[in-house]
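# Coordinate inspection notes
Given next are the chains, with one letter for each unit.
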Amino acid sequence: MEISEPDARSSSSLTLPSFQLRLLARAWGLPTPHWGVPREEGLEEPCPGAQDPGGSALLATKPDTRAPPLANAVRMDALLVFVLGLLAQNFHLSLGVPSWPSTLYPWHRAPALGRVRRAWVIPPISVSENHKVLPYLLVQIKSDKQRLGSVIYSIQGPGVDEEPRGLFSIDKFTGQVFLQAELDRERTDRFRLRAFALDLGGSILEDPTDLEIVVVDQNDNRPTFLQEVITGHVLEGAAPGTYVTRAEATDADDPDTDNAALRYSILAQGSPELFSIDERTGDIRTVHVGLDREVVAVYNLTLQVADMSGDGLTATASAVISVDDINDNAPEFTRDEFSMEAAEAVSGIDVGRLEVEDRDLPGSPNWVANFTIVEGDPDGHFNIRTDPGTNEGVLAVVKPLDYESCEHYELRVSVLNEAPLQAAAPRPIRGQARVSVQVRDVNEAPVFPENPLRTSLAEGAPPGTPVATFSARDPDTEQLQRVSYSKDYDPEDWLQVDSATGRIETQRVLSPASPFLKDGWYRAIILAVDDASPPSTATGTLSVEILEVNDHAPVLAYLAPGSLCGEPDHGPGLLLGATDEDLPPHGAPFHFQLSPAVPELGGNWSLSQVNGSHARLQPRRPLPEGPHRLRLLLRDSGQPPQQREQPLNVTVCRCGPDGACLPGAAALRAGGAGLSLGALVVVLGSATLLLLLVLLVTLRARLRQQSRHKSLLHSLHDDLRDNILNYDEQGGGEEDQDTYDINQLRHPTGLVALSLPLSRPPLRRDAPFSHGPLPPPRLLPTSPADIASFLHDGLEAADSDPSVPPYDTALIYDYEGDGSVAGTLSSLLSSLGDEDQDYDYLRDWGPRFARLADMYGPS
């Protein structure tokens, strides 16, 4: 790439000819400058646009390792010239002194001496951030394909047509690139633009090339602490070098420059200086002994951080270091002796307070005091607890004091902290104190020696029966007082109390069913009151156990009533049970025995004990079937025992091999075992009466039905012409002139009501056996298709009926009504000749009519 030297008009810039640059590079063994030169082995190309003073193009070549080294003097001169040039350039850059930039020919190509492998490399253009002189010329690009004024230049990229916009611009005719606004390296540290060259017609002259602009950092950002107030903790008495906390800060400038090289320091911490800070890491540590929370609890430090390794911009912050407490101070009593007074016969009251002092942190285990009674309280009447607010010891009475037993107590109390005392802490001077407690005499309530008092009494005790003497004593031996007694709780008003002696008696009989008897115990409350002023009262509880008395005999209970087999050793027998209203031990076990008054029972029956409340009854020999009456003797286990003789009715049945009663004995079993004869008579009489009532109701219903049927038949007397009467005969012959309309048979639904038996039919006078049983009623056909079957069944029934007269018997016709709309069944007289009659329709009426059709029909 060809680089033109700065214009001679710029007096503040340093100009180095190209041969000096090459000489300097070779003197230091560096590669020959090759800005914009393709690296093709064996080729040397002049740098386009880089002219020496004589006008000849500069050539960027590879280092010639075969050339002899230059003299040491020449190298030193070249080095001096190079360093001075760099210093001068840096000086003008930092001061912002304007200088004419180089002119770049990015599209210039040297005469081709060989194949070019890749594009030219354009060095970055550096510009300082926060540049104040605007617009500022950065660089000028040119194309050598057209003469000046015939090329249009443009740039694109961030800072031009992309965000952030408006930072760079280019003169489209001269190719000068300008900076239009201040740059901020902390936001964008470099820009990559694209440069374009067009002719006046808009055609592309050169391929687009990259133009990189590097923003040079300035120390324009102060360092900042991450926290405005830095906190730390350290134990009092900590050794030197103990880590406390760390201060941290940041700088937005370039971290690779001194602009972001931070150094920490402590500006102020008071006297003495007990803390230090590492200037590079910011660690705060202790440097001396003597941290005492009781002297200084909190230290406030002022910290500073500066960039440029401590010589640049600064920032400050505060550090608050708290000294944590340790138990290096023992608690001490404020006095050597405390005096207090306590009343006798009371407990749970506070007597007084013991004051202590502790310099440690209030509320911490290093400050909280624990009190212990060392001596003077062998019976444990006192206790000391700690008030959490004041840290005082509160002396309280936990067991009632007795003035008559001890009038004065001398206690020795010690105090310690919850946390153990540090070994290096001084021993306390007043770690113990003496407490004097004077007991004050008061009127004490009477005391029942035995409370509650338990006694027993037999149930049903008559009025005036002594129960107990519930007396109390007065503990005030130095005061003469009289004690009186009264009832406070007696829900059944069963007792009476002697007010002077406390003797208790019954004043009426207590019912065993009283709801105030709980599990056989009756509870009452007795009061004992002295005559002091004010009087004191004692409460005593009297519990009386009501003893059970055997005043009820056992009663037989039937658990499984029924029959039993009359054969010995057949069947389970009859299980008997007994109950007793008395409570144990006056109830079970019960003793079952056949009555000794009937000796023959022992020869027929046996009783075997199953358990304490049940026995089994079985026959000793075969017994006749039927009811048997037995008498049993039941006796309980009370003292003295109670017994009762009770009858027992059992039923003996005929049984099978398995011992179960056979069905023939069901009537006897219905009575049930154990029923008396009177009860059996009552049951049978009730059943007979019930049966008579059922018969009367049935008879009445029958009579009412017959009367209703007769009235219905009378109302339908004129409709008999539409009915077919079954006479069970086939006579009539040609003399039967009155016929029925067969269509009536095709609508049988209207005759259903008439087919029911309204009353007993009249007797046939022409039937020899008309008193025989009536044939069962027949259902009428439900459809015309069933008429033939209906008639066939009727004829068959008539042929087999022995009660009808023979065929040759003269028939007597009953009245069948007048004016029938149906024609005659016989068509013999319907015309003068048989040849005019059609009897084929008779075939549809069944086999018998089919024969008639064959007789009269055409042959």
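Along each chain, the written sequence defines residue order, and numbers are assigned to residues from 1. In view of the model being predicted, local features appear only for residues whose pLDDT reaches at least 70, and side-chain atom pairs are presented and counted only at 80 or more, with totals across whole chains, interfaces and linings using the full set of residues. Heavy atoms throughout the structure, all of them, feed into the side-chain values; hydrogens and water do not.

## So, the overall build of the chain
- Along the backbone of the chain there are eight helices and 43 strands.
- Burial statistics for the chain: of 859 residues in total, 35% are counted as buried.
- Summarising the internal contacts of the chain: among those between residues at least 6 apart in sequence, 67% fall at separations of at least 24.
- Here the chain has roughly 50,700 Å² of accessible surface; of this, 55% comes from carbon and sulfur atoms. A run of DSSP states H or I qualifies as a helix once it reaches four residues; a run of E qualifies as a strand once it reaches two. Both are numbered from the N-terminal end. Using a 1.4 Å probe on the protein chains alone, a residue whose accessible area is under 20% of its type maximum counts as buried, one over 50% counts as exposed, and one in between counts as partly exposed. The contact rule is simple, with two residues in contact once any of their heavy atoms fall within 4.5 Å. Only the protein chains shown count as cover for residues, and the accessible areas themselves come from Shrake-Rupley with a 1.4 Å probe.

## A few points about unusual backbone geometry
- Residue Pro164 is reached from Glu163 by a cis peptide bond, and omega for that bond is -5°.
- With respect to the secondary-structure elements, Pro164 resides in the loop between strand E6 (151-156) and strand E7 (168-170).
- The amide bond that connects Asn451 to the next residue, Pro452, takes the cis arrangement and shows omega of 5°.
- Of note, Pro452 is situated in the loop between strand E28 (432-440) and strand E29 (453-458).
- The backbone of Asn391 shows a phi angle near 65°, a positive value even though the residue is not glycine.
- In this structure Asn391 comes out as buried when scored by relative accessible area, which is 2%.
- The backbone of Asp493 shows a phi angle near 50°, a positive value even though the residue is not glycine.
- Topologically, Asp493 is positioned in the loop between strand E31 (484-489) and strand E32 (495-497).

## Brief notes about the pattern of salt bridges
- Put simply, a salt bridge is a Lys or Arg side-chain nitrogen that is within 4 Å of an Asp or Glu carboxyl oxygen. If you walk through the whole model with that rule in mind, you get 24 salt bridges.
- A salt bridge links Lys487 to Asp493; the shortest N-O distance between them is 3.1 Å.
- Exposure remark for Lys487: the relative accessible area of 31% places this residue in the partly exposed category.
- Where Arg654 meets Glu625, a salt bridge forms, and the shortest distance between an N and an O atom there is 3.5 Å. In this pair, Arg654 is assigned in the loop between strand E43 (643-653) and helix H4 (666-671) and Glu625 in the loop between strand E41 (614-619) and strand E42 (626-635), connecting sequence segments 29 residues apart.
- Glu625 gets classed as partly exposed once you look at its relative accessible area, which sits at 43%.
- Three or more residues are tied together by salt bridges with common partners; here these are Arg185, Glu186 and Asp217.

## Remarks on the sheet that holds strand E15 (residues 263-268)
- Only when DSSP finds a minimum of two bridges between them are two strands counted as paired. The mixed open sheet is built from four strands, whose spatial order is E12-E19-E18-E15. The sheet terminates laterally at strand E12 (229-235) and E15, the two strands that pair on one side only. For this sheet, the mean angle separating the axes of adjacent strands, direction not counted, is 30°.
- Two strands pair when backbone bridges link them, and strand E18 (residues 298-306) and strand E19 (residues 314-324) are joined in this way by nine bridges, in the antiparallel orientation. Pairing of Tyr299 across the sheet is with Ile321, part of E19. Whenever a helix is involved, its axis is fitted only over the stretch in contact; in every case the axis is a line through C-alpha atoms, and angles between N-to-C directions fall within 0 to 180 degrees.

## Digging into helix H7 (residues 787-799)
- In this model, H7 (13 residues) spans 19 Å end to end at C-alpha, consistent with the 18 Å of a helix rising 1.5 Å per residue.
- Among the residues making up H7, those that are buried are Ile787, Gly794, Leu795 and Ala798. For H7, the buried positions fall inside an angular range of 95° around the axis, keeping them on one side. A helix is expected to span 1.5 Å for every residue after the first. It is the directions from the helix axis to the C-beta atoms that the arc portrays.

## Some words on the packing of aromatic side chains
- Two rings from Phe, Tyr or Trp (for Trp, the six-membered ring) form a pair when their centres sit within 6.5 Å of each other. Planes less than 30 degrees apart are called stacked, planes more than 60 degrees apart edge-to-face, and all others tilted. Scanning the entire structure with this criterion turns up eight aromatic pairs.
- Taking the centre distance of 6.0 Å and the plane angle of 50° together, the rings of Phe333 and Phe371 count as tilted. One end of the pair, Phe333, is in strand E20 (residues 332-333); the other, Phe371, is in strand E24 (residues 369-375), and 38 residues separate them in sequence.
- Look at Phe371 and you get buried, because its relative accessible area is 10%.
- Centroid distance Phe382 to Tyr409: 5.3 Å. Interplanar angle 75°. Geometry classified as edge-to-face. Highlighted residues: Phe382 in strand E25 (residues 382-386) and Tyr409 in strand E27 (residues 408-417), separated in sequence by 27 residues.
- Three or more aromatic residues link up through ring pairs in this structure, and these residues are Phe333, Phe338 and Phe371.

## Points about the state of the cysteines
- Cysteine sulfur atoms are paired as a disulfide whenever they come within 2.5 Å of each other. Under the counting rule described, the total for this entry stands at two disulfides.
- Here Cys565 pairs with Cys655 through a disulfide, and the sulfurs are 1.7 Å apart. Here Cys655 lies in the loop between E43 and H4 and Cys565 lies in strand E37 (residues 564-565), a separation of 90 residues in the sequence. Each member of the pair Cys565 and Cys655 is classed as buried.
- Disulfide pairing places Cys653 opposite Cys661 at an S-S distance of 1.7 Å. Between Cys653 and Cys661 the disulfide shows an S-S torsion of about -65°. By sign, it is left-handed.
- According to the relative accessible area criterion, Cys653 is buried, its value standing at 3%.
- Going through the chain in sequence order and numbering each bonded cysteine, the pairs you get are 1-3, 2-4.

## Section: the pairing of strand E35 (residues 537-547)
- Here E29 runs beside E35; their pairing, made up of six bridges, is parallel. Of the residues in E35, the one forming a bridge with Arg454 is Ser543.
- Pairing between strand E34 (residues 521-529) and E35: nine bridges, direction antiparallel. Within E35, the residue paired with Leu527 across the bridge is Thr539.

## Structural notes on a nonpolar patch on the surface
- A grouping of Leu689, Leu690, Leu693, Val694 and Leu696 is seen on the molecular surface, where their side chains present a nonpolar patch of about 500 Å² in accessible area.
- Structurally, Leu689 can be placed in helix H5 (residues 677-715).
- For Leu689, a relative accessible area of 52% gives the class exposed. Every patch collects residues that have over 30% relative accessible area and no salt bridge, joining them within 9 Å if they carry like charges and within 5 Å if they are nonpolar side chains (Val, Leu, Ile, Met, Phe, Trp, Tyr).

## Points about the sheet that holds strand E39 (residues 591-594)
- Here four strands make up an open sheet; going across it, the order is E37-E43-E42-E39 and the pairing mixed. Among the strands making up the open sheet, the edge pair consists of E37 and E39.
- With ten bridges connecting them, E42 and E43 associate as antiparallel partners. Residue His628 lies in a different strand from E43, and its bridge partner there is Val650.

## Focus on the nonpolar core
- By nonpolar core we mean a set of buried residues, namely Ala, Val, Leu, Ile, Met, Phe, Trp, Tyr and Cys, connected to one another through side-chain atoms within 4.5 Å. If you look at the biggest cluster of nonpolar residues, it comprises 24 residues, and the most contacted ones within it are Val467, Trp494, Ile504 and Leu542.
- Counting only elements with at least two residues in this core, the list comes to E29, strand E30 (466-469), E32, E34 and E35.

## Some thoughts on the side chain of Thr465
- By secondary structure assignment, the location of Thr465 is in the loop between E29 and E30.
- Counting of polar contacts relies on pairs of N or O atoms within 3.5 Å, with two restrictions inside protein: one atom must be capable of donating a hydrogen and the other of accepting it, and residues adjacent in sequence are counted only when both atoms are side-chain atoms. Within polar-contact distance, the side chain of Thr465 engages the backbone oxygen of Pro462 at 2.6 Å.
- When neighbours within four sequence positions are excluded, Thr465 is seen to be in contact with Leu457, Glu505 and Thr506.

## Thoughts on the confidence of the model for the chain
- A residue's pLDDT is simply how confident the predictor is in it, with values from 0 to 100. Taken as a whole, the chain shows an average pLDDT of 75; of its residues, 70% reach a score of 70 or greater.
- Counting interchain partners and residues more than four positions distant, the pLDDT-below-50 stretch residues 1-75 has 130 contacts.
- This model gives residues 112-120 a pLDDT under 50, and the stretch forms 18 contacts once residues within four places in sequence are excluded.

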